[in-house]
Amino acid sequence: MSQPPALDVLVIGSGIAGLFYSLSVADHARVGIITKRSAAESATSRAQGGIAAVLSHEDSFEEHVQDTLTAGAGLCNEKVVRHVVERGPKMIEALVALGVDFDAQEQKSNSADHLELGREGGHGRRRIVHHRDATGRELERVLLARVAAHPNIRLFEDHCAVDVITTEKAGIPGGHRAIGAYVLDTRTGKILKILSKITLLASGGNGKVYLYTTNPDISTGDGMAMGYRAGAAIRNMEFMQFHPTCLYHPLAKSFLISEAVRGEGAILRTRDGHAFMSGYHDMADLAPRDIVARAIDTELKRSGDDSVFLDATHWSPKFALNRFPTISERCLSFGIDITKDQIPVVPAAHYCCGGVHTDIHGESSLLNLFAVGEVAHTGLHGANRLASNSLLEALVFAAAASEATQKRLPSIDVPGAQVPDWEEGEATESDEAVIITQNWDEIRHFMWNYVGIVRSDKRLERARRRIELLQDEITQYYWDFKLTTDLIELRNLAVVARLIIDAAQKRQESRGLHYTVDFPQRNDLYQKDTLLCRSDG
Ligand code: SIN
């Protein structure tokens, strides 16, 4: 982008949240979407499972609500849960109308009432709408094509947001509010000032803060860190969801084996063949994710093995290839025929249930700054997200944020000339990129070892001391050298690591995804969200 265009809305991120919001609002606003690499590179693209929605006559909103509340372990906002669940069927209809090709029941059309429904952990019914095992890729395909065709939307690839611009930072009176973002054009190295009436964070999650993750490389918590620095309230960062089944193979970087595989009857076993999940929960292999991930962690610590195994060898090759083509083919590329061989799996960081806190319209505590998708904390997931509820959440809140935006736009003026350009100061080109990789690796290692599936006071304290040191070093480096995407991501990664550690230290109980050996029980005193806010803001 050479000349920043005048925008009504700046959207940061090109996953389902940013794209669906943009399409919903674009008939009424000039929209710019920035994305730090190519547009299709998003966590959405990797979503295998699907979207949870009540579409079967055997199912009910109440059952979906109750399953969500049970997984959320006392911390869901029930009003939000009902709001989201009740809008599920309408959202699926909207996607079908846009052209998303969900799998239909045999010989039926793919209208919303004829869709094939999968099952995943924690769901008492089949309610996962999917496109084989590549639902996210299909969503991105359709939404990106629609975005490209819309005259009011401009998409800027290779543009990495640095910080939200606020009136406070820009020295503009009249109340603290968001007015756009500073953005690095990674092709020119220039930092642009993009002003907008509404700024929407849709930048996804922060899985890269952990050594092992199912997330793509772009998931560095950028929106959470930017929201925090801008002064927006952040909630519940301690609730990091570890997906129980990531393929364990030296060459298979972060490849997810969908929970839908267990939904279709695959069984977790130890190396000696023992099906261990029934010893941990009544729902056995389909227990909520926190239970399954901790059970695997316990089994691995007990046996000293590198992985457990997912057994789908009772499937026919036809079923495997038809329902799970991506997983079948990827495993086969590593010499694993899933209809003959058990799949070696380990848990990996997958989804952050906390984030920038928003109201029911998707607006953060900072006026005109919205957050939708994994970057946000809406109150839906509580202490543990129910599988496939997050794409639904992104759709419902994107639609709500679009409605709120349309109402708000006529009353917003954006200050123009008074907003300062990015101040580069004396920054020079860095000749020591090794500092970035060293700090990045250090954070990911200690987060995995000290702030992972099982935590303790001692480990959290060790992690806190390390992140404090690293943050000092990174801040120094940040102002001395010219910005690159790597440096921006490192600074953001350090902020989100710090937020996770701080939140985990505050929660002196075990609940949902947060488990500490020092407080192994739930404690009613902590039946509340963990709130973090920038202390100088
Ligand atoms: C999966 O397919 O297991 C992932 C679904 C989700 O995380 O919601």
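Fair warning: this is a prediction, and the values are worked out from it, not measured in the lab.

Looking now at helix H5 (residues 88-98). Those residues of H5 not exposed but buried are Gly88, Pro89, Met91, Ile92, Leu95 and Val96. The buried residues of H5 occupy one face: seen down the axis, they fall within an arc of 160 degrees. Residues Lys90 and Ala97 are exposed on H5 and point more than 90 degrees away from its buried face. Positive phi appears at glycine 99, one or two residues downstream of H5, with a value of about 115 degrees.

The subject of this paragraph is empty space enclosed by the protein. For the coordinates displayed, the defined rule picks out 1 cavity of 30 Å³ or more. Of the volumes computed, that of the largest cavity is approximately 50 Å³. Forming the walls of the largest cavity are Met240, Phe242, Asp290, Ala293, Arg294, Ile453 and Leu513. Elements that contribute at least two residues to the lining of the largest cavity include exactly strand S11 (240-247) and helix H10 (289-303). Tallying contributions element by element places H10 first for the lining of the largest cavity, with 3 residues. Its residues placed into classes, the lining of the largest cavity shows 5 nonpolar, no polar and 2 charged.

A separate point is the packing of helix H1 (residues 16-25) against helix H13 (residues 389-408). In the contact formed by H1 and H13, the axes pass within 8 Å of each other and the chain directions differ by 35 degrees. In this structure, the crossing between H1 and H13 has a hand that is right-handed. Note on element contacts: H13 touches H1 through Leu391, Ala394, Leu395, Ala398, Ala399, Ala401, Ser402, Thr405 and Gln406, opposite Ile16, Ala17, Phe20, Tyr21, Ser24 and Val25. Looking at side-chain class alone, the contact of H1 with H13 contains 11 nonpolar, 4 polar and no charged residues.

Before going further, it helps to examine the nonpolar core. Counting residues in each nonpolar core, the largest one holds 77 residues, and the members touching the most others are Ile443 and Met447. Looking at which element gives the most residues to this core, the answer is helix H16 (residues 485-506), with 13 residues. Ranked by size, the runner-up nonpolar core spans 58 residues in total, among them Ile51, Leu144, Val147 and Ile198.

Most of strand S7 (residues 159-166) sits out of view: 8 of its 8 residues are buried. Inspection of the sheet shows S7 paired to strand S8 (residues 178-185) by 6 bridges, in the antiparallel sense. Counterpart to cysteine 160 in the pairing with S8 is leucine 184.

All right, on to the side chain of arginine 385 then. With respect to the secondary-structure elements, arginine 385 resides in the loop between strand S17 (376-377) and H13. As a buried residue without a salt bridge, arginine 385 has its nearest oppositely charged side chain in glutamate 120, at a separation of 6.8 Å. A polar contact of 2.6 Å, which involves the side chain of arginine 385, links it to the side chain of serine 390. Non-local contacts of arginine 385, meaning those with residues more than four positions away in its chain, are made with Gln241, Arg289, His350, Tyr351, Cys353, Ser390 and Leu513.

In this section: the sheet that holds strand S15 (residues 355-357). If you walk across this open sheet you meet the 4 strands as S17-S15-S10-S18, and the pairing is mixed. Of all strands in the sheet, those with a lone pairing partner are S17 and strand S18 (531-532), marking the two edges. In this sheet, S18 lies alongside strand S10 (residues 234-235) in antiparallel orientation, the contact comprising 2 bridges. In the sheet register, arginine 235 faces S18, and the bridge partner there is leucine 531. This element, helix H8 (residues 222-230), spans S10 and S15 of the sheet and lies at about 45 degrees to S15.

As a further point, take the site of the ligand. Around the ligand sit Gln48, Gly49, Glu120, His243, Leu256, Ser258, Glu259, Arg289, His350, Arg385, Ala387 and Ser388, and that is every residue in its neighbourhood. For the ligand, an oxygen atom lies 2.7 Å from a polar atom in the backbone of serine 388. For the ligand, the accessible surface in isolation is 260 Å², of which the surrounding protein chains cover 92%. Looking at side-chain class alone, the shell around the ligand contains 2 nonpolar, 6 polar and 4 charged residues.

Moving on, we come to the sheet that holds S11. Read across the open sheet, the 4 strands follow the order S11-S14-S13-S12; overall the sheet is antiparallel. Here the strands that pair on one side only, and so sit at the sheet edges, are S11 and strand S12 (267-269). For this sheet the average axis-to-axis angle between neighbouring strands, irrespective of direction, equals 45 degrees. With 6 bridges joining them, S11 and strand S14 (residues 343-352) adopt antiparallel strand pairing. Paired with glutamine 241 across the bridge in S14 is tyrosine 351.

A word on the pairing of strand S2 (residues 31-34). The alternating pattern of S2 places Val31 and Ile33 and Gly32 and Ile34 on opposite faces, both of which are buried. Where strand S1 (residues 7-12) lies against S2, 4 bridges are found, and the strand directions are parallel. In the sheet register, valine 9 faces S2, and the bridge partner there is valine 31. Between S1 and its parallel partner S2, the chain crosses via H1, and the hand of that crossover is right-handed. Across 4 bridges, S2 lies against strand S6 (residues 153-156) in parallel orientation. Of the residues in S6, the one forming a bridge with isoleucine 33 is leucine 155.

Moving on, we get to the side chain of threonine 326. Along the chain, the position of threonine 326 falls in helix H12 (residues 325-333). Overall, threonine 326 belongs to the buried group, its relative accessible area being 19%. The residues touching threonine 326, leaving out its near neighbours within four places in the chain, are Asp133, Ala134, Arg137 and Phe255.

Here is what the cut-offs are and how they apply
Residues numbered from 1 in each chain as written. Predicted model: local features only at pLDDT ≥ 70, side-chain atom pairs only at ≥ 80, totals over all residues. Heavy atoms only, no water. Buried < 20%, exposed > 50% of the residue type's maximum accessible area, 1.4 Å probe, protein only. Helix = DSSP H or I, 4+ residues; strand = E, 2+ residues; numbered from the N terminus. Arc of directions from axis to C-beta. 1 Å grid on protein atoms, 1.4 Å probe; cavity = no way out; pocket = protein on both sides within 12 Å on 5 of 7 lines; lining within 4 Å. Points joined across faces, edges and corners; volume = space filled by probe spheres on them. Nonpolar A, V, L, I, M, F, W, Y, C, P; charged D, E, K, R; others polar. Axes fitted to C-alpha atoms, helices over the stretch in contact; angles between N-to-C directions. Left-handed = near helix turned anticlockwise from the far one by under 90°. Contact = heavy atoms within 4.5 Å. Core = buried A, V, L, I, M, F, W, Y, C linked by side-chain atoms within 4.5 Å. Pairing = 2+ DSSP bridges. Lys, Arg positive; Asp, Glu negative; His and termini not counted. Salt bridge = Lys/Arg side-chain N within 4 Å of Asp/Glu carboxyl O. Polar contact = N/O pair within 3.5 Å; in protein donor to acceptor, adjacent residues only side chain to side chain. Near = heavy atom within 4 Å. Areas by Shrake-Rupley, 256 points an atom, 1.4 Å probe, with all protein chains shown as cover. Right-handed = clockwise from strand over helix to strand, strands pointing away.

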